[in-house]
Each structure stands twice: as structure tokens, then as C-alpha cells.
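Secondary and tertiary structure notes
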Amino acid sequence: MTQSNYVYQSDDKLVKSKSLQEIMCADKLNNCKMQLPIIIGTDDNYLPVIADLAAMPHLIIGGDDYATDQSLNAMILSLLLKKKPEELKLVILDPMHTELVHFTSLKEHYLAFAPRNAEIHERPLRQRLKAVIGVEEEMNRRYQMLLKTKSHSFKEYNLRQETAGKPGLPYIVMIVNDYQEFAAFFDKRVERPVIAIAQKGRAVGIHVVLRTRNFSSSVITGMLKANFPARISFRTNDRLQSKTILDREGAEILPTGSALAYFNGSYHLVAGPKCSLADCRKIIAQVVAQPFGGNAYLLPDVELPKNVSSCDDTNDSFLNNAVDFATSVSELSAPMLQRRYTIGYNRATRLMDTLIELGVVAKEAKDGKHEVLIEPKDVSLILNSLTR
């Protein structure tokens, strides 16, 4: 074991990381009676740290490195290990379109999605907001189901259904990767449904995991923290960022791969699990190979509020220029738009989303660049369609 597999602890101890396979084979995970066990990492005694998402009941993960990606993957895989498809559905929203795309093949087994929105990397951003609002509507629908059956809780409802020989409700875990992208574009319009789900979702089996790369208080707001008591932070840039997410200092001195986790009223120093992409694909392939006779779990089809629809990406003042610029190159990317128009990355990404939706560039990217699909003669037709 090389030194790089250890993380430094303030009292001169070393916390050693474990592979995903080692943790998944551990008795602590296999014998646990938790409703939604998720892998947090390993402690200074080289023992797995497992937490119950159902008890948290919602979680914020902060980090901008590969260790954070591995941690999020390990959490999802631990849920797949412990819950059957009829017991759990995942709503996975991934604005980066690549980091969680390997879970797409779980569509028939574990994914819940809105009608006409069967991909976890659905474009553009407002379609992902539609999925969040769909989860909120699903929460309200479940409350009506509990009221109709005079059930006092999610567990009681499922017990009644089982007694009557009817299917119960699965847990729903909504996982939002790169939450800062939503916050930057929609501001309070995405925070409102997320907080509503956090406040009322637990009672009907709905839980939320948010991952953010941005530790500012404009993303991790006081209202968000009040409803997400469980938080995990990998290394931050400074003390202020550590205080923003954890309400204490310490995350700024963490080495790569280690994290400070707060849940169940106490702090835990952990080494994040080593979860490679090969591990993910292997486990997912095993899950997909198993027959599943159930139907796809559809969320309610909802309409976006008018104040969101009016804030369409097509209102961007640079869009016309971006369409014209696309015809002068064979491939296009968000960084190219950044340099061309001296705009921020978030805005450039939203422009790329719109160009993809309009058919200006291909949806699939190669080395981060999208093939341009139009010719100069097509520009006027596309621009005219935007004014209709």
C-alpha cells in the first residue's frame, strides 16, 4: 500500500482508503438493517463508514475533484446493492452529461423519469428543472395516496399494500450533480422545489442528494443548509468555504481523497472510497443482466411556471452571433464560445445547450467538441424560427 492511499488526520493518525469491493464485501454493509445505506468511506480504524440516507434524510456533497466523483458513484452503487428495483427508483440529473452517464442503462430497472425525459442528461437546463418539479409533484401525489388510505407514514402505506396483495411505493432518491449549474441559471426558482422536497419528502420516501463544486453562500444558502442537515465536504480552498458547507473550519486542510462528513449530529473524518469507472460498469452490467418484469416508473408530467419558460435560453443576446459563428467552424465547444464572446463558462454552456436543441451542433461530443450540422444558408431559417 503506497502512501498515496492514506490521508492525514490532525492528530497525526493516518486514515486509509478502501476499494469499493472491500467495502461492499464488509459485514457492516451486508448485515446492516438501514433503509437506504450509503457508503461514506473508511475511518481511522480502517472500518467502513456507512450511513442511512433515510435517516439523514437529505445530503449535500461538496467537492471538485475525482475523489468526489468516486464518492457519489459509491453511494449510488451501495443503494443498488441493498435495494431491489421495485424498492428503489433514482432520479439522476447530470448537467455535465458525462460523469453519471454510465447509469443510463439502469433505465428500466432503477431510473424514474418524466414522460419524454428518459435520459439522465436531458437537455437543456430547464428540462432538468422540469424533472425536479416532477419529483415535487410526485411527493404531493404520494401524500394524497396516504390520505386516501388513512396511512400515517410511508412504511404504513406499504404495509397496507402488502397485506392487500398490492404493490407498494418505492423509495425515490433524487441525485443532482453540479447543483451550482442549476443555482446559477434559475436562482430561487430551483431552490424552491428542492427545499419543498427536503421539507416534506422524507415522510413519503423521497430523499435528495446534491453535489456542488461551488462552496459560496449564494449556492449553499442558509435555507438550503437548514433543510439538509447532513453534509460532506472534500478539500476546500479556504476556511470560509469550509464554514459555508460544514459550519466549521477543517476542510481546507484535507488532503486529496479525504473528507469531513457531518451526519447524526457529529463530524467524521473519512477516506473516500476508491470507486473506479470499471467498478461502476461491472456492477451496472450485473444489475442490467437480471430480469425485471416491472414497468418504467414515470414521474408526473408537469409544465414549467411561466416565469421559467419566459427565461428561455433563446433570449441570450449572443445566440444569433453564436449560430452565425458555428457555420465558420467544423466543431464547436463551450470554451470556444467563452473565448469568442468573453463570457462565463455557465453562460457558454447554456448557449451550447440551446445550439444542440436547435440542431445547430450534434448532441454527442468528441473530446469535448460538438460537430456543426448546419451550413451558412441555414442560418436565416434558424434565426427566423427564434422570433416566432
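Higher on the page you've got the structure.
This section reports on the structure supplied with the text.

Cut-offs applied
- Residues numbered from 1 in each chain as written.
- Predicted model: local features only at pLDDT ≥ 70, side-chain atom pairs only at ≥ 80, totals over all residues.
- Heavy atoms only, no water.
- Axes fitted to C-alpha atoms, helices over the stretch in contact; angles between N-to-C directions.
- Helix = DSSP H or I, 4+ residues; strand = E, 2+ residues; numbered from the N terminus.
- Parallel < 35°, antiparallel > 145°, perpendicular 65-115°, else oblique.
- Left-handed = near helix turned anticlockwise from the far one by under 90°.
- Contact = heavy atoms within 4.5 Å.
- Phe/Tyr/Trp six-rings, centres within 6.5 Å; stacked < 30°, edge-to-face > 60°.
- Buried < 20%, exposed > 50% of the residue type's maximum accessible area, 1.4 Å probe, protein only.
- Lys NZ or Arg CZ within 6 Å of the ring centre and 35° of its normal.

**Comments concerning the packing of helix 13 (residues 334–341) against helix 14 (residues 345–357)**
Look at helix 13 against helix 14: their axes get within 8 Å of each other, and the N-to-C directions meet at 120°. In terms of axis orientation, helix 13 runs oblique to helix 14. Handedness of the helix 13/helix 14 crossing: right-handed. Together, A334, L337 and Q338 of helix 13 and Y345, A348, T349, L351, M352 and L355 of helix 14 make up the contact between the two elements.

**As for the packing of aromatic side chains**
Applying the stated criterion across every chain yields a total of four aromatic pairs. Measuring from ring centre to ring centre gives 5.1 Å for F318 and Y341, while their planes differ by 35°; the resulting arrangement is tilted. One end of the pair, F318, is in the loop between helix 11 (306–309) and helix 12 (319–326); the other, Y341, is in helix 13, and 23 residues separate them in sequence. By relative accessible area, Y341 is classed as buried at 14%. Measuring from centroid to centroid gives 6.4 Å for F325 and Y341, while their planes differ by 85°, and the two rings are edge-to-face. One end of the pair, F325, is in helix 12; the other, Y341, is in helix 13, with 16 residues separating them in the sequence. No difference in accessibility class separates F325 from Y341, as the two residues are buried. Through a chain of ring-to-ring contacts, the aromatic side chains of F318, F325 and Y341 assemble into a single cluster. A cation sits over an aromatic face here: K200 above Y143, 5.3 Å from the ring centre. Above the ring of Y267, the side-chain terminus of R248 is found at 4.9 Å from the ring centroid.

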